[in-house]
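# Structural overview for review
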Amino acid sequence: MKMQNIEQSIARGHDAQRLKNDELLADCFTLLEQKYVSEWMIANNVDDREYIHALMTALTDVRNHLDQIIQSGVLAEEQLRISRS
């Protein structure tokens, strides 16, 4: 991996960690999750429940993607540390 790509991966990992730790963003995820669960519980038909399930899945996908970027940054930092020793 090129040095520029390693540094970019590290920077993106730090950015993703900052976003994951951001209180406003965390509140948004929590509120949306609570809203979706409440809507799912009162949904009257399968189509509505399926739509809400898709929204919840998308929310989880965003969280997981942030985690993947964080992990890539951690691995890039380790790779950089090893290459410098």
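The rules behind each value
Residues numbered from 1 in each chain as written. Predicted model: local features only at pLDDT ≥ 70, side-chain atom pairs only at ≥ 80, totals over all residues. Heavy atoms only, no water. Salt bridge = Lys/Arg side-chain N within 4 Å of Asp/Glu carboxyl O. Helix = DSSP H or I, 4+ residues; strand = E, 2+ residues; numbered from the N terminus. Core = buried A, V, L, I, M, F, W, Y, C linked by side-chain atoms within 4.5 Å. Buried < 20%, exposed > 50% of the residue type's maximum accessible area, 1.4 Å probe, protein only. Contact = heavy atoms within 4.5 Å. Expected span 1.5 Å × (residues − 1). Polar contact = N/O pair within 3.5 Å; in protein donor to acceptor, adjacent residues only side chain to side chain. Patch = residues over 30% accessible without salt bridge, like charges linked within 9 Å, V, L, I, M, F, W, Y side chains within 5 Å. Areas by Shrake-Rupley, 256 points an atom, 1.4 Å probe, with all protein chains shown as cover. Axes fitted to C-alpha atoms, helices over the stretch in contact; angles between N-to-C directions. Parallel < 35°, antiparallel > 145°, perpendicular 65-115°, else oblique. Left-handed = near helix turned anticlockwise from the far one by under 90°. Nonpolar A, V, L, I, M, F, W, Y, C, P; charged D, E, K, R; others polar.

### Some words on the pattern of salt bridges
- One pass over the full model with this rule turns up 4 salt bridges.
- For the salt bridge of Arg 63 with Glu 33, the shortest nitrogen-to-oxygen distance reads 3.5 Å. Of this pair, Arg 63 sits in helix α3 (residues 46-84) while Glu 33 sits in helix α2 (residues 23-42), and the two are 30 residues apart along the sequence.
- Here Glu 78 and Arg 81 are joined by a salt bridge, their closest N and O atoms 2.5 Å apart.

### Looking at the nonpolar core
- The biggest cluster of nonpolar side chains holds 5 residues, and these are Phe 29, Tyr 36, Ala 43, Ile 52 and Leu 59.
- Breaking this core down by element, the ones donating at least two residues are α2 and α3.
- Here Phe 29 is in contact with Leu 59, Val 62 and Arg 63, once residues within four sequence places are set aside.

### Looking at α2
- Taking 1.5 Å per residue as the helical rise, α2 with its 20 residues ought to reach 28 Å, and the 29 Å between its terminal C-alpha atoms agrees with that figure.
- One side-chain oxygen at the N-terminal end of α2 lies 3.0 Å from the backbone nitrogen of Leu 24; it belongs to Asp 22.

### Considering a nonpolar patch on the surface
- A cluster of nonpolar side chains, Val 37, Trp 40, Met 41 and Ile 42, forms an exposed patch at the surface whose accessible area comes to about 450 Å².
- The topology assignment puts Val 37 in helix α2.

### Let's talk about the packing of helix α1 (residues 3-21) against α3
- It is at 7 Å that the axes of α1 and α3 come closest, and there the two elements cross at 135 degrees. Between α1 and α3, the angle falls in the class oblique. Our pair here, α1 against α3, has a crossing hand that is left-handed. Contacts between α1 and α3 involve Met 3, Ile 6, Ser 9, Ile 10, Arg 12, Gly 13, His 14, Ala 16, Gln 17, Leu 19 and Lys 20 on the former and, on the latter, Leu 66, Asp 67, Ile 69, Ile 70, Ser 72, Gly 73, Ala 76, Glu 77, Gln 79 and Leu 80.
- Of the residues assigned to the contact of α1 with α3, the class counts are 10 nonpolar, 7 polar and 4 charged.

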